[in-house]
Amino acid sequence: MAMLDRYKKSGGFNQLLTLLETCGLQKRQKFLEIIRQEDPRWASALVAKMIDLERFLKWNDSAIAEVTGSMMEINVAAIVTSLDEAQQARILGTLGHAKRRKVQEHIDTQKPSPGEIATSMNKLFETIRRLSQDGVLRLDKIDPDLFIDADIEDRLKQGKNIAGVPSLAEALAANLDELSKTPDSTSPHLRVVTALDSQAWEDADGSKDLKALQQEFTLLKKKFLVLQQENASLRQELSVAIGKLEQIKKIA
């Protein structure tokens, strides 16, 4: 079973998004690479809907205050200590007097470790998601491109438009461009081709020089990338057809 299959049910997109937002950068990049191989548009949608600190700090004061007001002071303080002076003032300025005093006490008396800062960042993202799902935080008003449709899994399956997310054709084109720039050693699929090609170079006789073999390998790699994108496109079209068939069955 493909990794994405378990998340294509209702609510699965939010679960996967929360997982990506709260894991380390290297693990997130590996997850996204796997997802991109399975379905480029899902990968594009996840990246488009992902919250980071820079994006959060661009929100209006009331939205930031809604989030920090729902967090423990020790977590807010840990986040603040990792920011520059302007960003610190941005967050502290949105806090009520009592909460700001408690946060400042933690800042003055504690030096959070990198692990504690990372945990507090995760608390921030989890709080934003919880407040959004509870209807307290209106992302459609605050940051429309971050808003997640209740039926986003179906919209992705059927190839429908989603705010802030590129179309299937755009996602495939971007994925092809990304893969074509990826070093062979970092792509699990291209790594196999590279290994085979390297062996071929070692075994080659005088009938082909190294330059000719390199050109042949480059051509094969391009063909492989195109086939990979066509396969993803066909899977998407099949999903749309299955969805339409299910609707017809319900009507009948």
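An account of the accompanying structure is given in this report. (Residues numbered from 1 in each chain as written. Predicted model: local features only at pLDDT ≥ 70, side-chain atom pairs only at ≥ 80, totals over all residues. Heavy atoms only, no water.)

**Here's the deal with the side chain of T94**
- As for its placement among the helices and strands, T94 is situated in the loop between helix 7 (85-92) and helix 8 (97-109).
- At 2.7 Å, the side chain of T94 and the backbone oxygen of I91 are in polar contact.
- If near-sequence neighbours (up to four positions away) are discounted, T94 is found in contact with D61, I64, A65 and T68. (Helix = DSSP H or I, 4+ residues; strand = E, 2+ residues; numbered from the N terminus. Polar contact = N/O pair within 3.5 Å; in protein donor to acceptor, adjacent residues only side chain to side chain. Contact = heavy atoms within 4.5 Å.)

**Some thoughts on the packing of aromatic side chains**
- Evaluation of the coordinates by the stated rule reveals 2 aromatic pairs.
- Between F13 and W42 the ring centres are 5.5 Å apart and the planes differ by 55°, which places this aromatic pair in the tilted class. Taken together, the residues span a long stretch of sequence, with F13 in helix 1 (residues 12-21) and W42 in helix 3 (residues 40-49) at a distance of 29 residues. In this pair, the class of F13 matches that of W42, namely buried.
- Geometrically, the ring pair formed by F56 and W59 is edge-to-face, given 5.4 Å between the ring centres and 70° between the ring planes. (Phe/Tyr/Trp six-rings, centres within 6.5 Å; stacked < 30°, edge-to-face > 60°. Buried < 20%, exposed > 50% of the residue type's maximum accessible area, 1.4 Å probe, protein only.)

**Here we look at helix 1**
- Listed in full, the buried residues belonging to helix 1 are G12, F13, L16, L17, L20 and E21. Buried residues of helix 1, viewed axially, fall in a sector of 165°; they line one side.
- For helix 1, the elements touching its buried residues are helix 2 (25-38), helix 3, helix 9 (114-133) and helix 11 (152-158). (Arc of directions from axis to C-beta.)

**Quick notes on the nonpolar core**
- If you look at the biggest cluster of nonpolar residues, it comprises 27 residues, and the most contacted ones within it are F56, W59, V67 and L124.
- Elements represented by at least two residues in this core include exactly helix 4 (53-56), helix 5 (61-68), helix 6 (73-81), helix 7 and helix 9.
- If we ignore the near neighbours within four places in the chain, the residues touching V67 are F56, W59, L124, T127, I128, L131 and L137.
- Of all hydrophobic cores here, the second largest spans 20 residues; its members include M3, L16, A48 and L156. (Core = buried A, V, L, I, M, F, W, Y, C linked by side-chain atoms within 4.5 Å.)

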